[in-house]
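Tertiary structure, described
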Amino acid sequence: AQSVSQHNHHVILSEAASLELGCNYSYGGTVNLFWYVQYPGQHLQLLLKYFSGDPLVKGIKGFEAEFIKSKFSFNLRKPSVQWSDTAEYFCAVNRGRDDKIIFGKGTRLHILP
Amino acid sequence: GAGVSQSPSNKVTEKGKDVELRCDPISGHTALYWYRQSLGQGLEFLIYFQGNSAPDKSGLPSDRFSAERTGGSVSTLTIQRTQQEDSAVYLCASSSQGAGGPYEQYFGPGTRLTVT
């Protein structure tokens with residue numbers, strides 16, 4: 001069955017530290033990949049997505065993610081985090097235009113001021 | 001604004017009662033999803049409607065759960081004979097579809113269900 005794994009359940013960093021959150025998926029065919037963020041008390045919102053083309057995707061708020069097909073990975077990165085990045089981050093995948101979107105269990109990121 | 005709306009925002013019910021949760025997607029969005037969010041479990045996929053196709057019900061945890069989408073718009077998630085383990089936040093999302101895949105999902109505020 002299709003699944004999404006997020007390795008880090010809870011990450012604590014200081015401001016200005018670099019961030020990398022892991023995401024791996026299990027499906028071997030063509031995939032669409034997403035990262036969503038949920039700030040405290042707010043709705044889930046899209047950070048970035050990959051459909052095709054350049055495997056390095058840039059999103060909002062300085063986030064980026066790299067699709068590495070050989071590793072079935074789509075890790076999220078940010079070179080220098082801010083206190084306002086404190087949130088829960090979810091990786092998601094679907095297999096094509098009309099397939100359902102499956103989410104990982106999320107990573108809670110806490111940035112120390 | 002014309003975002004995804006869900007009602008009620010909170011629902012407290014007694015074990016064994018039935019509940020109905022409603023989702024109003026963004027007008028024109030052909031895809032509608034239901035997820036369940038509980039602590040430590042992330043977003044658990046429940047059901048997916050896409051246009052006129054048969055819904056993907058593969059995520060429904062038991063036959064006590066059902067959902068319908070009327071007229072390609074409003075959706076209702078029904079949980080029969082609720083159990084305490086059904087307590088969670090139920091999220092609805094909608095999206096439009098492009099040639100290569102779904103566009104951004106827009107999430108509603110969720111319904112927090114508490115079964116006592």
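Here we summarise the structure given alongside this text.

Reading the values: the criteria
- Residues numbered from 1 in each chain as written.
- Chains lettered and ligands numbered in written order.
- Predicted model: local features only at pLDDT ≥ 70, side-chain atom pairs only at ≥ 80, totals over all residues.
- Heavy atoms only, no water.
- Buried < 20%, exposed > 50% of the residue type's maximum accessible area, 1.4 Å probe, protein only.
- Helix = DSSP H or I, 4+ residues; strand = E, 2+ residues; numbered from the N terminus.
- Pairing = 2+ DSSP bridges.
- Axes fitted to C-alpha atoms, helices over the stretch in contact; angles between N-to-C directions.

1. Quick notes on the pairing of strand β8 (residues 88-95) of chain B
All names here are of chain B. Taking burial as the measure, the eight residues of β8 include eight buried ones, the bulk of the element. Of the two faces of β8, the one holding A88, Y90, C92 and S94 and the one holding V89, L91, A93 and S95 are both buried throughout. In this sheet, β8 lies alongside strand β4 (residues 31-38) in antiparallel orientation, the contact comprising seven bridges. Of the residues in β8, the one forming a bridge with Q37 is V89. For β8 and strand β10 (residues 111-115), the ladder comprises three bridges, and the chain directions are antiparallel. Counterpart to A88 in the pairing with β10 is L113. As paired strands, β8 and strand β9 (residues 106-107) are joined by two bridges and run antiparallel to one another. In the sheet register, A93 faces β9, and the bridge partner there is F107.

2. Looking at the sheet that holds strand β3 (residues 19-24) of chain B
All names here are of chain B. Read across the sheet, four strands follow the order β1-β3-β7-β6 without closing on themselves; strand pairing throughout is antiparallel. Of all the strands in the sheet, the pair left with one neighbour each is β1 (5-7) and β6 (65-69). Averaged over all adjacent pairs, the angle separating strand axes in this sheet is 15 degrees, with direction ignored. Sheet topology places β1 next to β3; three bridges connect them, and they run antiparallel. Looking at β3, one finds that Q6 is bridged to C23.

All quantities given are derived from atomic positions and should not be read as evidence of function.
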